[in-house]
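Architecture at a glance
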Amino acid sequence: MTHAQNRERLGDMDASEFRVAAHRVADLVADYLEELERHPVRPSLRPGAVRAALPETAPAAPESLDEILRDYASLIEPNITHWQHPGFLAYFSSVASGPGILGEWLAAGLNANVMFWQNAPAPTELEERVVGWLRDLVGLPEVFDGMFTDTASVSTLTALVAARQALPGLDARRRGLAGRPEVGALRLYCSEEAHSSVEKAAIVVGIGRDGVSKIGVDTEFRMRPELLEAAIERDRRDGALPCAVVATLGTTSSTSVDPVDAVADCCERHGLWLHVDAAYAGTAAISPRFREPLRGWERADSLVINPHKWLFTPLDASLLLFRQPEIFREAFSLVADYMRTPETPEVHNFNEYGIQLGRRFRALKVWMILRYFGGAGIGRRVEQHCDWAREWADWVDAHDAWERLAPVPFATLCFRYAPPTLRARGDAVVDRVNQAILDAVNDTGEVYLSGTRLAGRFALRVSIGNPRTEWRHLERCFELLEEAAARAETG
Ligand SMILES: *Cc1c(COP(=O)(O)O)cnc(C)c1O
């Protein structure tokens, strides 16, 4: 059917038109991936420029796919920050691998809604299997059950609602928290280096930002368990109600690893829920080399690992693991009459364990990735990223002009340009020069790095986690940094 004929009829896109268009889209994506390096990693755009190029009103009449794809190619594709680019070394990489993209396409075709088993039998059971595979691959014990959510932010929020549910006598699910003077202020503990999603979860759960106790860290940015212990005791004495502790394994700034065994001891002594945020570094445990630093995480009540970070999975997919699924169900299950199905105790009705009713079929892409690369293949890629980061750290350590600002337990490195002459001018000047280096390197479009602050000092931050990144991209990044540093100091 031609486009003109299609205007005259109702219904969806014709199957044969879809087939042709799908092949074109497959080519567009394959071309994009093949030619990624033609794009500057970060486009140079004024805010509002893309919006201004788009019509203000939605089209009333049908438009041809030719026109739509042409606009996609000219307006959208070049004007994104290219997370897929091998020179993208900012934040944490979040890469859609080939098999992951294919899984996402297949899931879009099926459009299964994984609310409960009867609505999505194979997707539900595949999710159960893939959750188990991932748990085993990272070396966690079988007691952990779990599910996929969209992001670590939501996984952590979900876990903290369960932690609140587990507090004896509180019954916030039924009674809420407001207007109950007998309830002490809820308290949540995490380190100063914890991700902002922990504090956001506190806002939603009714703990509030004031209820978040940020525990101090040591010189390597790890939570100090003796300060945690003291904070809990002080809160107890003051009549507050400690609720949960979040330990971070792989913090977002420096990828420091909280001493989770000692934190778990503390939680055990005080009967507190332990949530482990391993959104980034959890994937490293697929390689046995990286299990040791995480030891103790198996004592968590709940735990999050993001496949959409280092497991080459297209956004979005976050793995939430938990020991006591019944608490999540107690906290969240609400089955409306129009959703009731016969009991199926053999399988999960996943909507009952979290916030969402309608859920995407995320397990399919993760299943394809695990099968395509294999556990060992993923482990070797992770090891390579960490080895490269180690080499980079050695390069920094070997050069007087550069200073490493944190240990490198995984594949993320924080450092700065600080030759003795510059350092003598004080940290504020060093910060300014390093910000200028970051901007200059990013303006080249060849690579893209981010910055952070560690112990009050500005740090350049490089994170390696893209299977498309090669050593040559990292070498080029060194060169660009040295060039920018030479210019920044004289300029
Ligand atoms: C990235 C990150 C998060 C947030 O992940 P989202 O999936 O974007 O919500 C939380 N915690 C840590 C440690 C992270 O690195």
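Here the structure is a predicted model, which means the values were calculated and not measured.

**Digging into the side chain of aspartate 277**
In this structure, aspartate 277 sits in strand 5 (residues 273-277). Salt bridges are absent for the buried aspartate 277, whose nearest opposite-charge side chain, lysine 309, sits at 6.6 Å. Apart from residues no more than four positions distant in its own chain, aspartate 277 is found in contact with His195, Val246, Ala247, Thr248, Leu249 and Val304.

**A closer look at the sheet that holds strand 1 (residues 145-149)**
Spatially, seven strands are ordered 1-7-6-5-4-2-3 in an open sheet, and the strand pairing comes out mixed. Either end of the sheet is taken by a strand with one partner, and the two such strands are strand 1 and strand 3 (212-215). For this sheet, the mean inter-axis angle between neighbouring strands, taken without regard to orientation, is 20°. Bridging between strand 5 and strand 6 (residues 302-305) involves three bridges; their strand directions are parallel. Residue pairing across strands places histidine 275 opposite serine 302, the latter belonging to strand 6. Helix 13 (residues 325-332) rests against strand 1, strand 5, strand 6 and strand 7 (318-322) of the sheet, and its axis sits at about 110° to strand 7.

**Things to note about the pattern of salt bridges**
Evaluated as defined, the whole model comprises 35 salt bridges. The shortest N-O distance in the salt bridge between arginine 360 and glutamate 104 comes to 2.8 Å. In this pair, arginine 360 sits in the loop between helix 13 and helix 14 (363-398) while glutamate 104 sits in helix 5 (residues 98-110), placing the two residues 256 residues apart along the sequence. Linking glutamate 470 and arginine 472 is a salt bridge whose minimum nitrogen-to-oxygen distance equals 3.0 Å. Assessed through its relative accessible area of 39%, glutamate 470 is described here as partly exposed.

**Quick notes on the packing of aromatic side chains**
Across all of its chains, the model carries 23 aromatic pairs by this definition. Aromatic pair tyrosine 280 and tryptophan 310: ring centres 4.9 Å apart, planes at 5°, arrangement stacked. Note that tyrosine 280 is positioned in the loop between strand 5 and strand 6 and tryptophan 310 in helix 12 (residues 307-310), a separation of 30 residues in sequence. Tryptophan 310 sits in the buried class, given a relative accessible area of 1%. Ring geometry for tyrosine 280 versus phenylalanine 410: centroids 6.2 Å apart, planes at 90°, classification edge-to-face. Here tyrosine 280 is found in the loop between strand 5 and strand 6, whereas its partner phenylalanine 410 is found in the loop between strand 8 (402-404) and strand 9 (412-417), with 130 residues between them in sequence.

**Overview of the nonpolar core**
Counting residues in hydrophobic clusters, the biggest one holds 126 residues, and the most contacted among them are Trp297 and Trp392. Split by domain, the residues of this core number at least three in each of domain 1 (113-360) and domain 2 (375-490). In contact with tryptophan 392, not counting residues within four places along its chain, are Leu413, Phe415, Val462, Leu474, Cys477, Phe478 and Leu481. Formed by seven residues, the second largest nonpolar core is a distinct cluster that contains Val217, Ala406, Cys414 and Ala459.

**Section: helix 5**
The end-to-end C-alpha distance of helix 5, which contains 13 residues, comes to 19 Å, matching closely the 18 Å that a straight helix rising 1.5 Å per residue would cover. For helix 5, the full list of buried residues reads Pro99, Gly100, Ile101, Gly103, Glu104 and Ala107. Its buried side turned inward, helix 5 meets helix 2 (15-34) and helix 14. Backbone geometry just downstream of helix 5 places asparagine 111 in the positive-phi region, at approximately 50°.

Rules used in this analysis
Residues numbered from 1 in each chain as written. Predicted model: local features only at pLDDT ≥ 70, side-chain atom pairs only at ≥ 80, totals over all residues. Heavy atoms only, no water. Helix = DSSP H or I, 4+ residues; strand = E, 2+ residues; numbered from the N terminus. Buried < 20%, exposed > 50% of the residue type's maximum accessible area, 1.4 Å probe, protein only. Lys, Arg positive; Asp, Glu negative; His and termini not counted. Salt bridge = Lys/Arg side-chain N within 4 Å of Asp/Glu carboxyl O. Contact = heavy atoms within 4.5 Å. Pairing = 2+ DSSP bridges. Axes fitted to C-alpha atoms, helices over the stretch in contact; angles between N-to-C directions. Phe/Tyr/Trp six-rings, centres within 6.5 Å; stacked < 30°, edge-to-face > 60°. Core = buried A, V, L, I, M, F, W, Y, C linked by side-chain atoms within 4.5 Å. Domains from an automatic or database assignment. Expected span 1.5 Å × (residues − 1).

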